[in-house]
Amino acid sequence: MRTHTRITRTVVLVTASLLGAAGCAGHDSGGGGAAAPRTVKPVAGCGAGSWTDPADLAPDRKAARCDKGAPAAQPLAKQRKITVATGTLSAEYVAPLQVAVAKGEFAKEGLDVELKVLPTPDALPLLAKGDVDAQWAAPEAAVMNGINGGFDIKWVAGNFSPDPASKSGLWVRLKDGESADHVEMAGRKLGTMIGKGSVIAYPMGTSLKRHGGGLDRISFQQLGSADVLTALRNGGVDSAWLLDPIWRRVDGDRKYAFLGGQPVGEPLGGLLFGPTLLNEDPDAGVAFLRAYIRTVNTYFTGDYKSDPGFVTELAKLMKTDEATLRSTPSMRMDWEIRKGTTDRLQEAYADSGVSEGASVPEAKAVDRTMYSEAVGHKL
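In what follows, the accompanying structure is described. Everything numeric in this text was worked out from a predicted model, so none of it was measured.

How each quantity is defined
Residues numbered from 1 in each chain as written. Predicted model: local features only at pLDDT ≥ 70, side-chain atom pairs only at ≥ 80, totals over all residues. Heavy atoms only, no water. Helix = DSSP H or I, 4+ residues; strand = E, 2+ residues; numbered from the N terminus. Rg over C-alpha atoms; globule rule 2.2 N^0.38 Å. Buried < 20%, exposed > 50% of the residue type's maximum accessible area, 1.4 Å probe, protein only. Contact = heavy atoms within 4.5 Å. Areas by Shrake-Rupley, 256 points an atom, 1.4 Å probe, with all protein chains shown as cover. Pairing = 2+ DSSP bridges. Core = buried A, V, L, I, M, F, W, Y, C linked by side-chain atoms within 4.5 Å. Axes fitted to C-alpha atoms, helices over the stretch in contact; angles between N-to-C directions. Disulfide = S-S within 2.5 Å. Phe/Tyr/Trp six-rings, centres within 6.5 Å; stacked < 30°, edge-to-face > 60°. Polar contact = N/O pair within 3.5 Å; in protein donor to acceptor, adjacent residues only side chain to side chain. Parallel < 35°, antiparallel > 145°, perpendicular 65-115°, else oblique. Nonpolar A, V, L, I, M, F, W, Y, C, P; charged D, E, K, R; others polar.

Turning to the overall build of the protein chain, a few remarks are in order. Helix and strand content of the protein chain: 14 helices and twelve strands. Whereas a compact globule of 379 residues would reach a radius of gyration of roughly 21 Å, the protein chain reaches 20 Å, a difference of no more than 12%. Across its three principal axes, the protein chain shows a C-alpha extent of roughly 65 × 50 × 35 Å. Expressed as a percentage of the 379 residues in the protein chain, the buried residues total 52%. Put simply, 83% of the contacts in the protein chain that link residues at least 6 apart link residues at least 24 apart. Only carbon and sulfur atoms are counted for the fraction: they give 51% of the accessible area of the protein chain, which is about 15,900 Å².

If you want it as C-alpha cells, here you go:
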C-alpha cells in the first residue's frame, strides 16, 4: 500500500508541475499539430512500403521502410537548434538518435541537435514550456494526465518493437509444482525499476492476467537497475521485469520462467513533441523526423547486428561492450504508431490507479501527420 501511495503521489506531483508549466507556455493548445494544412508531396525512395495501416497489430507485420538514404534531406533555410531530452544514452532504443547525430543526418537538414540526459519527470515540464523541443520517452501516465489538462504534448513517432526471440519482460521464480504454463501470479511481489505509471504497465498487466494476476493483485517494489535481478535471485521479490540483456542471465535456468514482454509489432514509446515543433516551427519538426527516418532506413534495417563494424560503432556510442550488445537480437526500429496503443496504455494506468481524469482520446495524444509528410504519405 505504501508503494502504491508513493507512486500515485509522484504521478500527481509531476502532473501538477506540468499543468503549471502549460499555463506559462503562452500558446494556443487548440488540438496540436501544424496550425494550417501542409502540402504533402511524393518522396523519392519512399514507396508503398513506407507506410503501413496503423490498425495492423499482427506480430509479423513488416515495419515501414524507405530505400537506404531516403527520404533525402531538405535543408532548412536557416539552421535550427533542437534540444532533445532522453532518460538515457546507453539503451539500444536510443541508438538511432545517436547515430543520426554522429553520421550528420540531422546536420544535413540544417538541424543542430543536442541530446540531453534528463529524467522523464524533470523533462516533461520543460517540454510543456518549450524549454526543450522534444523528448525521447513514451506516453506515460504523467504525459497523458498533462495532456488531459489542456496543453500540447503529442506522441509523433515510434521507436521500436522487440524481436520475437527477445525475452525482455516479466520473469518469475517458480514455486514447487509450477511451470511456465501454470503460474499463479496473484499476491506476488514484483521487482521493477519502472513504476506503475510507465508504458510497461500495459504488457505487464496483459502477462499478469494470463496467470491469475493483475496490476491490482500484486505488490510492486521499485529497485535500481542493478538490483532487480539480485532481488529475484535472493528472494527479495519473486518476479521481476528484466530488460535487455539482463534476462540472458536466467534464460535456460529451470527455476525461472518467462511470462511475456512488450507486444511484437507495437512500439510503446518514441518521440514526444511540445508546442515549439508542433505549432511554432513544424518545418523543423518534419525535418527532424525526416533525419530520424532516414537513419533507420540506412543503418537499422533487418539484422543490423550482423555487421561487426556497425556493432563496434554502436558499442562506442552507447558506451557498452560489444559482447553485451551482441548478446540480444536486433530490435525492430519502427517510427510508426499503432492505432489504439494510447487507449490500451490508459486502461493499464487506470488498473494501476495512476490516471487522473477522463481518458484522453487518441486524437489529442497522437500526431501521425509529421512522419507521414516525411515519407510523402497523404493521410
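That was the structure; now back to the text.
Here the focus is the pairing of strand β11 (residues 270–273). The side chains of a regular strand alternate between both faces of the sheet. Here four bridges tie strand β3 (residues 134–137) to β11, and the two strands are oriented antiparallel to one another. When the bridges of β11 are listed, A137 appears paired with G270. Here strand β4 (residues 154–158) runs beside β11; their pairing, made up of four bridges, is antiparallel. Within β11, the residue paired with A157 across the bridge is L271.

All right, on to the nonpolar core then. One recurring pattern in soluble globular proteins: nonpolar side chains tend to sit buried together. Counting 92 residues, the largest nonpolar core has L271, F273 and F288 as the members making the most contacts within it. Once residues lying within four places of it in the same chain are set aside, the contact partners of F273 are L127, D133, A134, D152, I153, K154, V156, L278, G285, F288, L289 and M370. V228, L232, W247 and V250 belong to the second largest nonpolar core, which has twelve residues in total.

Overall, mixed pairing links the five strands, which are arranged β2-β1-β3-β11-β4 in an open sheet. One side of each edge strand has no neighbouring strand; the edge strands of this open sheet are β2 (111–117) and β4. Direction aside, neighbouring strands of the sheet carry axes that sit 30 degrees apart on average.

Right, let's talk about helix α5 (residues 141–148) for a bit. Burial of α5 is extensive: seven of the eight residues sit out of reach of the surface. Looking at the residues trailing α5, positive phi occurs at G150, about 105 degrees.

Here we come to the state of the cysteines. Enumeration over the complete set of coordinates arrives at one disulfide. Shown here is the disulfide that connects C46 with C66, its sulfur atoms set 2.2 Å apart. Residues C46 and C66 are joined through a disulfide that is right-handed, its torsion about the S-S bond being 105 degrees. One end of the pair, C46, is in the loop between α1 (2–23) and β1 (80–86); the other, C66, is in the loop between α1 and β1, with 20 residues separating them in the sequence.

A few words on the packing of aromatic side chains. Summed over all chains, the structure comprises ten aromatic pairs. Within the aromatic cluster, the residues linked to one another by ring pairs are Y299, F300, Y304 and F310.

Our focus in this paragraph is the environment of T369. Summarising the element assignment, T369 is placed in helix α14 (residues 369–374). The class for T369 is partly exposed, based on a relative accessible area of 37%. Counting along the chain gives 21 residues from T369 to A348, while the straight-line C-alpha distance between them is 27 Å. A distance of 2.5 Å separates polar atoms of two side chains, one belonging to T369 and the other to D367.

Time to look at the side chain of K305. Following the sequence through the fold, K305 ends up in the loop between α9 (282–299) and α10 (308–318). Those residues in contact with K305 that sit more than four places away from it in its chain are E92, V311, L325, T328, P329 and S330.

Our next topic: the packing of helix α2 (residues 95–102) against α10. Helices that pack against each other are described as a pair by the angle of their axes relative to one another and the distance between those axes. Orientation of α2 relative to α10, taken along the N-to-C sense of each, is 100 degrees, at an axis distance of 10 Å. One element, α2, and the other, α10, form an angle in the roughly perpendicular class. On the side of α2, the interface is formed by A95, Q98, V99 and A102, while α10 contributes F310, L314, L317 and M318. Class assignment of the residues belonging to the contact of α2 with α10 gives a composition of seven nonpolar, one polar and no charged.

Turning next to unusual backbone geometry. Residue P71 follows A70 across a cis peptide bond; omega there is -5 degrees. Look at the link from D244 to P245: it is a cis peptide, with omega at -10 degrees. Note that P245 resides in the loop between β9 (239–242) and β10 (256–261). With a phi close to 55 degrees, K319 is a non-glycine residue in the positive phi region. Following the sequence through the fold, K319 ends up in the loop between α10 and α11 (322–326).

What follows covers the packing of α2 against α9. It is at 9 Å that the axes of α2 and α9 come closest, and there the two elements cross at 100 degrees. Relative to α9, α2 is oriented roughly perpendicular. Between α2, through P96, L97, V99 and A100, and α9, the contact on the second element is made entirely by F288, Y292, T295, V296 and Y299. Its residues assigned to classes, the contact of α2 with α9 comprises eight nonpolar, one polar and no charged.

Our focus in this paragraph is the sheet that holds strand β8 (residues 219–222). Overall, mixed pairing links the five strands, which are arranged β8-β7-β9-β6-β10 in an open sheet. The strands lining the two open edges of the sheet, one partner per strand, are β8 and β10. Between one strand axis and the next, the sheet turns through 25 degrees on average, direction left out of account. By the bridge criterion, two bridges tie strand β7 (residues 189–192) to β9 in an arrangement that is parallel. For L190, the partnering residue across the bridge sits in β9 and is S239. Here helix α6 (residues 201–209) sits on the sheet in contact with β6 (169–173), β7, β8, β9 and β10, set at roughly 125 degrees to β10.

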